[in-house]
Protein chains: 2
Amino acid sequence: MNRRFSVQKKMIKESLKRLDHPTAAQVYEEIRKVYPQISLGTVYRNLNIMVEDGEIMRLPFSGAPDHFDQNPEEHYHIVCSRCGRIFDTDGIPHELLAELDEAVQACAGVEVQSRILIFYGICAACKKVQ
Amino acid sequence: MNRRFSVQKKMIKESLKRLDHPTAAQVYEEIRKVYPQISLGTVYRNLNIMVEDGEIMRLPFSGAPDHFDQNPEEHYHIVCSRCGRIFDTDGIPHELLAELDEAVQACAGVEVQSRILIFYGICAACKKVQ
DNA sequence: GTCATTGCAAAACGTTTGCATGAAT
DNA sequence: ATTCATGCAAACGTTTTGCAATGAC
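Described below are features of the structure shown in this document. (Residues numbered from 1 in each chain as written. Chains lettered and ligands numbered in written order. Predicted model: local features only at pLDDT ≥ 70, side-chain atom pairs only at ≥ 80, totals over all residues. Heavy atoms only, no water.)

**Focus: empty space enclosed by the protein**
Within the structure shown, the criterion is met by one cavity of 30 Å³ or more. Of the pockets and cavities examined, the largest cavity occupies roughly 100 Å³. Taken together, A:Pro60, A:Phe61, A:Ser62, A:Ile116, A:Ile118, A:Tyr120, B:Pro60, B:Phe61, B:Ser62, B:Ile116, B:Ile118 and B:Tyr120 make up the lining of the largest cavity. Mapped onto the lining of the largest cavity, the elements with two or more residues apiece are strand 5 (114-121) of chain A together with strand 5 (114-121) of chain B. When its residues are assigned to classes, the lining of the largest cavity shows 10 nonpolar, two polar and no charged. (1 Å grid on protein atoms, 1.4 Å probe; cavity = no way out; pocket = protein on both sides within 12 Å on 5 of 7 lines; lining within 4 Å. Points joined across faces, edges and corners; volume = space filled by probe spheres on them. Helix = DSSP H or I, 4+ residues; strand = E, 2+ residues; numbered from the N terminus. Nonpolar A, V, L, I, M, F, W, Y, C, P; charged D, E, K, R; others polar.)

Spelled out as structure tokens, the structure:
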């Protein structure tokens, strides 16, 4: 299963960097403007491959479509519960996460390997509008 | 929109206590054994109502169906990445969560109102089997 | 030439909804 | 009598998949 080059995949990766935590559909719509023959299936297939290969990160949400993050490094997110915008929270102290993992292990007796942490709040822009 | 009694809802709530963090489909299958005419739509409708009323908790997962927790109190979960079993992590110190919220706010400039924290690891039983 | 990747359309999946019937108040 | 809840089936939105054609190596 050797990976081969494809323009589509390249465009998807570039789109991911340009857009801010987009969904597959948003990537699809963006690329369609300049490359109308691309298919949504191709977008999904490539996003899955890139997640699998550790090139990008998937941000799953309840009910809503997944979003994708061009930054695969471990970091977490806070979502504005009013406008839905997603903000990065890189810079959470590592010791704090380690403490949290320890607390979880103490509660449940299972060693933490990874985590999905999604925070919700109202962003500055939405707060201003009231 | 006054809520009325229904046997179905009662059965769903009891099933939720008996089963361990089940999905809607699992609740449906369990009830069907003793009450075959129940419909999946009714199960979903009632689960949504109970979540809305703060009687139970919804546990959303990426791609997979939602699970439901009969305990509506704030607590989090660790999922066995091998067998999928869900363990409660009640007892995470409140100060630790407060520290985490603070760190998130410091990173992203958004005040945390709520959070979805899902941890992954391999449970004791699965570790034994290798 | 081999076989990974594409576009397309259909299917799969979890979930919600419209509607006529039935049950709770 | 009112109107909320049910069962059923159809619809929904997201994602995956089967397949023949195309393109990378």
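**Quick notes on the relation of the copies chain A and chain B**
Both copies of the chain are related through a single rotation about an axis accompanied by a shift along the same axis. Rotating chain A by 179° and translating it 0.0 Å along the rotation axis places it on chain B, where the RMSD comes to 0.2 Å. Put plainly, the chains are arranged around a two-fold axis. Across chain A, the rotation axis passes nearest the C-alpha of A:Leu117, at a separation of 2.3 Å. Both copies share a contact surface, since 100% of the interface residues of chain A are interface residues in chain B too. (Least-squares fit on C-alpha atoms with pLDDT ≥ 70 in both. Contact = heavy atoms within 4.5 Å.)

**With respect to the protein's contact with DNA strand C**
The local shell around DNA strand C holds 20 residues, among which A:Arg4, A:Ser6, A:Gln8, A:Thr42 and B:Tyr44 are the closest. For DNA strand C, the fraction of atoms within 4 Å of the protein that belong to sugar or phosphate moieties is 74%. Contacts to DNA strand C include B:Arg4, whose side-chain N or O atom sits 2.9 Å from a base nitrogen. Those elements that place two or more of their residues in the surface near DNA strand C are helix 3 (40-52) of chain A together with helix 3 (40-52) of chain B. (Near = heavy atom within 4 Å. Polar contact = N/O pair within 3.5 Å; in protein donor to acceptor, adjacent residues only side chain to side chain.)

**Things to note about the nonpolar core**
With 36 residues, the main nonpolar core has A:Ile78, A:Ile92, A:Phe119, B:Ile78, B:Ile92 and B:Phe119 as its most contacted residues. If you list the elements that add at least two residues to this core, you get strand 3 (77-80), helix 4 (94-108) and strand 5 of chain A together with strand 3 (77-80), helix 4 (94-108) and strand 5 of chain B. Other than its neighbours up to four places away in sequence, B:Ile92 contacts A:Leu100, A:Ala103, A:Val104, A:Cys107, B:Tyr76 and B:Leu97. (Core = buried A, V, L, I, M, F, W, Y, C linked by side-chain atoms within 4.5 Å. Buried < 20%, exposed > 50% of the residue type's maximum accessible area, 1.4 Å probe, protein only.)

By themselves, these figures tell us nothing about what the structure is for.
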